[in-house]
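Okay, here's what each chain looks like letter by letter:
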Amino acid sequence: MSVERFARKELLSLGGGSATRVMIGKIPGLINLGAGDPDFDQPKFIADAVYKAMMEGHTHYAFGGDLEFKKAIAEYYAKYGITVDPETQVTITSGGSQAIFQAFAAVLNPGDEIIILDPAYQGYNQPAAYFGAKIVRAKMKKDKSGLFRPEINNIKAAVTKNTKALMICNPDNPAGIVYTKKELEEISALAVEKDFVVFDDMIYTEFIWRGRKYAPIFDMPGMQERTMVLSSFSKTFAWTGCRAGFIIAGPQLSELLNRVPIGICSVPVAFQKAGIEALKNGWGFVEEMRKAYEERIEYCVKRMNEISGVKCPMPEGAFYLFPDISGLGIPSAKFCEGIFKEEKLRIVPGTNYGPNGEGHVRLALVVPLKTCEEVMDRFERYVKKLKP
Ligand SMILES: Cc1ncc(COP(=O)(O)O)c(C=O)c1O
């Protein structure tokens, strides 16, 4: 018996997917560079903070979120020179995924258009579709080094009278770029002129390489009233299973966000308390992760570029590689299927991030350096097998 007749219609066109993730965990010898789940365990003092908070009785409703946690988030964001009011401008979410869902829920109506770059993190697609919004893709364009960057003319061409919002990811997953000030100025000028909202997914801001800096679009002229900054502790503190994140927006957009009926907050109060501890004392741990990621990136990029037919630019931020394998003459999905079967290496086809990602594959560098050596051996061996 089918239950389709009961379904919200948007759900019928959305797939599932979690079952395969569970199966993958059980394959012996598999190296899984599919999901961006950091391989670091959170420091004990943060785990202790959860227990301590429970024992202190922080087990009750915290309507609107714990104010101390919101203050700690506002203080954290102040490092970009921006003062936000914790009470009226910070919304606590259960990780980045809820931030995306809640932000979309606040502004997207059926038929509205949201511009998503191509390639882009695939976690934007389903929430947009769920709210009945139409996704309009704006192709990114490769720079001299081979990194995909936003192309303002493509974004302009994607704008119509129905455009409600644009999503940017800075630093970008999977492209690995950090937006330049000029790119952000062009985007913000367009957003003001055409009157749309910008979602700034800044989940990877603690992982920016070679001295570059994250520039907040929130601070550009006319943007505070039309920007939602989305973030998460998932990558910053390797907290993917603890589910904490936030949205920063102007007071009016924040008010809309808080009307979304998503439960009182959706992050257990004890974890909110531990989040305060992480923001206070977790930075040594973040630095350790940064160093490890940088070593992995340097090592793997070098090895990738030694493989004939593969070109791999150095990412400016985040911990993914997005090499160009088009020189191998095989579609990226087939390549990933083959390397999974023959070398037990799980990586993701570029097309998962949009059609423009064809000819690329994504590797999440979430294994220690020693395992990265094995990854690159497997990658190289598989490429050699492909060559006649
Ligand atoms: C760009 C981007 N945004 C949001 C998320 C979702 O974050 P979370 O795991 O906190 O839900 C991810 C996760 O990989 C991501 O890469």
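The preceding data block contains the structure.
Below or above, wherever it landed, is the structure these notes cover.

**Considering the sheet that holds strand E9 (residues 227-232)**
Line of reasoning, step 1. Strands sit in the order E2-E10-E9-E8-E7-E3-E4 across an open sheet of seven strands; the sheet is mixed. Bordering the open sheet on either side are strand E2 (90-93) and strand E4 (134-139), each of which pairs with just one other strand. Averaged over all pairs of adjacent strands, the angle between strand axes in this sheet comes to 25°, irrespective of strand direction.
Line of reasoning, step 2. When E2 meets strand E10 (residues 245-249), the two strands line up antiparallel, connected through four bridges. Paired with threonine 93 across the strands is glycine 245, a residue of E10.
Line of reasoning, step 3. Helix H6 (residues 95-107) rests against E2, strand E3 (113-118), strand E7 (163-169), strand E8 (197-201), E9 and E10 of the sheet, and its axis sits at about 160° to E9.

**With respect to the site of the ligand**
Line of reasoning, step 1. Close to the ligand lie 15 residues; Ser97, Asp201, Tyr204, Ser232 and Ser234 are nearest.
Line of reasoning, step 2. A distance of 2.5 Å separates an oxygen atom of the ligand from a polar side-chain atom of serine 97.
Line of reasoning, step 3. Contact distances for the ligand include 2.7 Å between an oxygen atom and a side-chain N or O atom of tyrosine 204.
Line of reasoning, step 4. Protein contacts shield 92% of the accessible area of the ligand, which totals 390 Å² for the unbound molecule.
Line of reasoning, step 5. Put simply, the parts of the chain that give the shell around the ligand at least two residues each are H6 and helix H10 (233-236).
Line of reasoning, step 6. Per-element accounting of the shell around the ligand gives the leading share, four residues, to H6.
Line of reasoning, step 7. Looking at side-chain class alone, the shell around the ligand contains six nonpolar, six polar and three charged residues.

**Things to note about the state of the cysteines**
Line of reasoning, step 1. Inspection of every chain in the model, using the stated rule, returns zero disulfides.
Line of reasoning, step 2. There is no disulfide at cysteine 300, and the cysteine sulfur nearest it, in cysteine 372, is 3.9 Å away.
Line of reasoning, step 3. On the basis of relative accessibility, which here comes to 1%, the residue cysteine 300 falls in the buried class.

**Quick notes on the nonpolar core**
Line of reasoning, step 1. The biggest cluster of nonpolar side chains holds 79 residues, and the ones touching the most others in it are Tyr77, Ile248, Leu321, Phe335, Ile347, Leu363 and Phe379.
Line of reasoning, step 2. When residues of this core are assigned to domains, at least three map to each of domain 1 (4-42 + 284-386) and domain 2 (59-281).
Line of reasoning, step 3. Once residues within four sequence positions are removed from consideration, phenylalanine 335 is found in contact with Ile325, Leu328, Ile330, Ile347, Val361, Phe379, Tyr382, Val383 and Leu386.
Line of reasoning, step 4. Within the second largest apolar cluster, 29 residues are counted, among which are Ile177, Ala191, Phe196 and Ala215.

**Overview of the packing of aromatic side chains**
Line of reasoning, step 1. Evaluation of the coordinates by the stated rule reveals 29 aromatic pairs.
Line of reasoning, step 2. When the centroid spacing of 5.7 Å and the interplanar angle of 5° are considered together, the rings of tyrosine 76 and tryptophan 283 count as stacked. Here tyrosine 76 is found in helix H4 (residues 67-77), whereas its partner tryptophan 283 is found in helix H13 (residues 283-305), with 207 residues between them in sequence.
Line of reasoning, step 3. Judged by its relative accessible area of 10%, tyrosine 76 falls in the buried class.
Line of reasoning, step 4. Grouping aromatic residues by their ring pairs yields a cluster made of Phe69, Tyr76, Phe233, Phe237, Trp239, Phe246, Phe271 and Trp283.
Line of reasoning, step 5. Directly above the ring of tyrosine 130 sits arginine 8, whose terminal nitrogen or CZ lies 4.4 Å from the centroid.
Line of reasoning, step 6. Against the face of tryptophan 283 rests lysine 79, its NZ or CZ located 5.5 Å from the ring centre.

Reading guide: rules and limits
Residues numbered from 1 in each chain as written. Predicted model: local features only at pLDDT ≥ 70, side-chain atom pairs only at ≥ 80, totals over all residues. Heavy atoms only, no water. Pairing = 2+ DSSP bridges. Helix = DSSP H or I, 4+ residues; strand = E, 2+ residues; numbered from the N terminus. Axes fitted to C-alpha atoms, helices over the stretch in contact; angles between N-to-C directions. Contact = heavy atoms within 4.5 Å. Near = heavy atom within 4 Å. Polar contact = N/O pair within 3.5 Å; in protein donor to acceptor, adjacent residues only side chain to side chain. Areas by Shrake-Rupley, 256 points an atom, 1.4 Å probe, with all protein chains shown as cover. Nonpolar A, V, L, I, M, F, W, Y, C, P; charged D, E, K, R; others polar. Disulfide = S-S within 2.5 Å. Buried < 20%, exposed > 50% of the residue type's maximum accessible area, 1.4 Å probe, protein only. Core = buried A, V, L, I, M, F, W, Y, C linked by side-chain atoms within 4.5 Å. Domains from an automatic or database assignment. Phe/Tyr/Trp six-rings, centres within 6.5 Å; stacked < 30°, edge-to-face > 60°. Lys NZ or Arg CZ within 6 Å of the ring centre and 35° of its normal.

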